[in-house]
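One letter stands for each residue in the lines below.
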Amino acid sequence: MVESKPVAFVSPLSIVKPLYPQPTNKVIAAKQLTQLTESQERDFLTWFHHPARQDIKPHLRVYDYLSSLTGNFEYRGDTYTAEEAYVALQGNCLSLALLTSALAELVDIEIEFQVVNTQPVYRKIDNVIVSSSHVVTILYDPTFVVKPNQIVIQRPRVIVDYFPVRSNIRGKSLSKKAFLAMYYRNLASDFLLKHQYPDAYWHARAAIDLAPESPENINTLALIYAREGQKTQAVALYQLAVVQKLTSINLLNNYIELIRHSNPDKASMLNEYLEQLDDPNPYNWVLLGDSAMAEGRLRKAQRLYEKALSKAHYLSDVHAKLAGVQFEIGHYEEAGIALRNAKRYAWDDEEERLYQAKLFALKSLNY
């Protein structure tokens, strides 16, 4: 069903006609995303180079400065540039990562951007799911030097993540271009949900200019074409992603939704392909399982929850969801096993008591 990847990469922008003739003036240039004002730079550099702090390693100084800045930082879903986040002292994880990057670049600290798989934060509109990604920044120790015959497993570093959650699972590293593309994709998604399609379109294009092989960037652009009534072009974008194996759960799920009624056979094949993906993020499978459960497709929900657990067996709430599916199917013994696993991996006493109570209720059925 899935063709071999072509030798030459084909840009998504090359196969569709532009939706609008003139770019919106709201699209900020990529180089500006991590730029600070002169006064912001001066404040930071004065603090960083103060004699009293010179015994602290440079990457830790950056971390300490961020900690002092963000002591009153307010988490919001808005995506800001580094300059805006510095002024407003608020924003999402991407805003914090941009601010971290801006400071680190001023003092030549090597950084790395890393995706974090976390509980899905998503919005659904007209059967379309737009999900948010979580990203952290890693600051490396610039004074570290490998000694002769020394084996280094991991260089000294500090992870900048102001909203860590116990269920977070570290994911893949991102290039700087892919990281910056997330800024434009976030704004494109915001504009899309507000039905501000021209702004959504040009921000989606900016994301693809930076990271044309990102499934999520292609998905966002395809959603905009679909919303503007350009279904044929949206399908072309999705099909290009499939042919070039630039797929993700989110992309395939929205593709299936787009053609579910017009091409049910193709939608069915894509659904089978989707379940065969090896996405390491368990929460993507949980999200699909929740959707299947809401639709009453119990067997599918069971498979998806089991797939999530194959990626992260210690997620107690997913074991509990699986128990609910097994109960609805009438597999009470399997439901009991799932609940015992949920209890085993419970994070605290309160959660453990909750699963124990459900076990007692299940046992009262004399399964």
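Residues numbered from 1 in each chain as written. Predicted model: local features only at pLDDT ≥ 70, side-chain atom pairs only at ≥ 80, totals over all residues. Heavy atoms only, no water.

Overview of the environment of Y201
In step 1: Along the polypeptide, Y201 turns up in helix α6 (residues 197-210).
In step 2: Spatially, the C-alpha atoms of Y201 and H59 are 38 Å apart, while their sequence positions differ by 142 residues.
In step 3: For Y201, the residues in contact, after removing those within four places along its chain, are P18, L19, Y20, L221, I224 and Y225. (Helix = DSSP H or I, 4+ residues; strand = E, 2+ residues; numbered from the N terminus. Contact = heavy atoms within 4.5 Å.)

Remarks on the packing of helix α5 (residues 176-193) against helix α7 (residues 215-227)
In step 1: At a minimum axis separation of 10 Å, α5 and α7 run at an interaxial angle of 25°. Judged by the inter-axis angle, α5 sits roughly parallel to α7. Note on packing geometry: the crossing formed by α5 with α7 is left-handed. Here A181, R185, A188, S189 and L192 of α5 come into contact with α7, specifically with E216, N217, T220, L223, I224 and R227. (Axes fitted to C-alpha atoms, helices over the stretch in contact; angles between N-to-C directions. Parallel < 35°, antiparallel > 145°, perpendicular 65-115°, else oblique. Left-handed = near helix turned anticlockwise from the far one by under 90°.)

Overview of the packing of aromatic side chains
In step 1: Counted under the stated rule, the structure contains 10 aromatic pairs.
In step 2: Ring centres of F44 and F48 lie 5.6 Å apart, and the angle between their planes is 45°; on these two criteria the pair is classed as tilted. Of this pair, F44 and F48 both sit in helix α1 (residues 38-48), 4 residues apart, which is roughly one turn of the helix. Both residues of the pair, F44 and F48, count as buried. (Phe/Tyr/Trp six-rings, centres within 6.5 Å; stacked < 30°, edge-to-face > 60°. Buried < 20%, exposed > 50% of the residue type's maximum accessible area, 1.4 Å probe, protein only.)

Here's the deal with helix α14 (residues 332-344)
In step 1: For α14, with 13 residues, the first-to-last C-alpha span of 18 Å sits near the 18 Å given by 1.5 Å per residue.
In step 2: Of all the residues in α14, the buried ones are A335, G336, A338, L339 and A342. Along the long axis of α14, the arc covered by the buried residues comes to 165°, so they all point the same way. Facing away from the buried surface of α14 by more than 90 degrees, the exposed residues are E333 and R344. (Expected span 1.5 Å × (residues − 1). Arc of directions from axis to C-beta.)

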